[in-house]
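Each chain is listed here by its residues.
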Amino acid sequence: MSIYMRQSSEMPHHRARLIEPVLRKGLKAFPIIGLLGHRQTGKTTLLNLLAKEYATLDRGSVREVAQTDPLGFLSKHAAPFAIDECQLCPDLFPVMKEWVRRKPIPGQFLLSGSVRFSARKQIRESLTGRILLLELFPFSLAETYARKVKDPLALGISKGVPFFTPKQWHHYLLAGGLPGLCFKHDTGLRSAAFESHLDTVLNRDLQLIYETRLDFTALRQFIRSLARQAGMALDYAELARQARISRESTKKLVRAFEALFLIRLIPDRAKPSRSVLLWEDVGLLHHVSEGQLPSAIFTLNAFYQNIRCSLKYPFGAIGTFYSYRTRGGANVPLVFSRGAENYGWIFVETHDADRASIASAHSFLKAYKNSWVHIVGINLENRQLSSGIVTRNLLGLL
């Protein structure tokens, strides 16, 4: 039997992905494309869509060939050759490095991985300067419901109808955007799928990054504690106390889970040594936390999950996210910085902007010139409150 497998790209819930045009463009310019992201984001589907041949290192027989004869493994292919879960065979990368050095033709290899390559030294050192790394995020609402994406940084105030319904938004908060999980409408089945997903991440993937001796029960408790800190400044001491492990082990686990795309650390601009914790997928956060978090935390995570898709893919915005918090209580939980411009978002559950939100917006605008703050919520109308401050309907912004 051939080691190469071609799977159907038509999944039962197949959706067009915003990253696809970026991938196709990259294949024309780079010899190697790396598509990284959380498990179940749909990397395999995209690989099968774009590649002429496909192999997955999740299969032991395929991985054995790659390890024992890496040159032969790479040479018996038609480009682009897709290699799924490539982090499972780091010995393959030095050979790939030499291959593309001698033959620097664009579009030869399309790799995928559920681990950041920077977390594995042999992969990082082999591919520096030879690969275009792209990250596949979980489904956004626009991808889930096949809607056109609007520029989230647009400042114009329109009276248009929201793109999504409150029902669609609330389902997204519960189910998230991992394709293999979010389309399971039966809550029991979806919960079981999330648990199976966590079992794979904790019992297998984690060991690639950090060889911890903690058992599954201890690790499950640790990520439950991580969920409790979602949307807040990460407190390593409190995490260590709740998990009953050392602070050093706590830091290593946090770095490992970020390398596995489970969580994301957003820097706090006021205190660079501190980071705000967000989860990569709001559905997984809801499952791990058992829904026991303030609704604003789920909104923040879901908004971030959506807005980075539109900024990164169709609009190609280059910039960074950060959080703005002051000792005086001002809080703009999510800010996107693009050059000298800063765009902040504050989330409210009310039918109008409250005093605390407006005060936070003014504090931010005083600290950062050339900036704007959007106060957003599903019950708000689009209107300008003052220079640099607008209220926006959340469901018309995503």
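The rules behind the values
- Residues numbered from 1 in each chain as written.
- Predicted model: local features only at pLDDT ≥ 70, side-chain atom pairs only at ≥ 80, totals over all residues.
- Heavy atoms only, no water.
- Buried < 20%, exposed > 50% of the residue type's maximum accessible area, 1.4 Å probe, protein only.
- Helix = DSSP H or I, 4+ residues; strand = E, 2+ residues; numbered from the N terminus.
- Arc of directions from axis to C-beta.
- Axes fitted to C-alpha atoms, helices over the stretch in contact; angles between N-to-C directions.
- Parallel < 35°, antiparallel > 145°, perpendicular 65-115°, else oblique.
- Contact = heavy atoms within 4.5 Å.
- Pairing = 2+ DSSP bridges.
- Right-handed = clockwise from strand over helix to strand, strands pointing away.
- Core = buried A, V, L, I, M, F, W, Y, C linked by side-chain atoms within 4.5 Å.
- 1 Å grid on protein atoms, 1.4 Å probe; cavity = no way out; pocket = protein on both sides within 12 Å on 5 of 7 lines; lining within 4 Å.
- Points joined across faces, edges and corners; volume = space filled by probe spheres on them.
- Nonpolar A, V, L, I, M, F, W, Y, C, P; charged D, E, K, R; others polar.

This part covers helix α5 (residues 92-102). Within α5, burial applies to Leu92, Phe93, Met96, Trp99 and Val100. The arc that holds every buried residue of α5, seen down its axis, measures 115°, which confines them to one face.

We now examine the packing of helix α14 (residues 282-289) against helix α15 (residues 295-312). It is the contact of α14 with α15, at a shortest axis distance of 9 Å, that shows an interaxial angle of 155°. Put simply, α14 runs roughly antiparallel to α15. Contacts from Val282, Leu285, His286 and Ser289 in α14 reach Phe298, Asn301, Ala302 and Gln305 in α15.

This brings us to the pairing of strand β3 (residues 81-84). Judged by which residues are buried, β3 turns out to be covered on both faces: Phe81 and Ile83 on one side and Ala82 and Asp84 on the other are all buried. The pairing of strand β2 (residues 53-56) with β3 spans four bridges and is classified as parallel. Pairing of Thr56 across the sheet is with Asp84, part of β3. Where β3 lies against strand β4 (residues 109-113), three bridges are found, and the strand directions are parallel. What sits directly across from Phe81, in β4, is Phe109. Handedness of the crossover joining β3 and β4 through α5 is recorded here as right-handed.

Our next topic: the nonpolar core. Formed by 65 residues in total, the largest nonpolar core has its most connected members in Phe222, Ile223, Leu226, Phe257, Trp279 and Trp345. At eight residues, the largest contribution of residues to this core is made by α15. Residue contacts for Ile223: discarding those within four places in its chain leaves Leu198, Leu202, Phe257, Leu262, Trp279 and Val288. If you look at the next biggest cluster of nonpolar residues, it comprises 20 residues, including Ile83, Cys86, Leu111 and Ile131.

Right, let's get into empty space enclosed by the protein. Over the atoms, a rolling probe the size of a water molecule traces out where space has been left empty. Counted under the stated rule, the structure contains two cavities of 30 Å³ or more. Volume-wise, the largest cavity comes out at about 40 Å³. As for the largest cavity, its lining consists of Leu18, Ser140, Ala142, Val149, Asn306, Cys309, Ser310 and Leu398. Top contributing element to the lining of the largest cavity by residue count: α15, with three residues. Its residues assigned to classes, the lining of the largest cavity shows five nonpolar, three polar and no charged. As for the second largest cavity, its lining consists of His38, Arg39, Ser114, Val201, Asp205, Leu260 and Leu262. The residue inventory of the lining of the second largest cavity, partitioned by class, reads three nonpolar, two polar and two charged.

Summarising burial for strand β13 (residues 389-393): five of the five residues are buried, a large majority. Pairing between strand β11 (residues 371-377) and β13: five bridges, direction parallel. Counted as the bridge partner of His374 is Val390 from β13. Two elements, strand β12 (residues 383-386) and β13, share three bridges in a ladder whose sense is antiparallel.

The subject of this paragraph is the packing of helix α12 (residues 236-243) against helix α13 (residues 247-259). At a minimum axis separation of 9 Å, α12 and α13 run at an interaxial angle of 105°. The orientation of α12 with respect to α13, classified from their angle, is roughly perpendicular. Residues Tyr236, Ala237, Leu239 and Ala240 of α12 pack against Arg247, Thr250, Lys251 and Val254 of α13. When the residues that make up the contact of α12 with α13 are grouped by side-chain class, the tally is five nonpolar, one polar and two charged.

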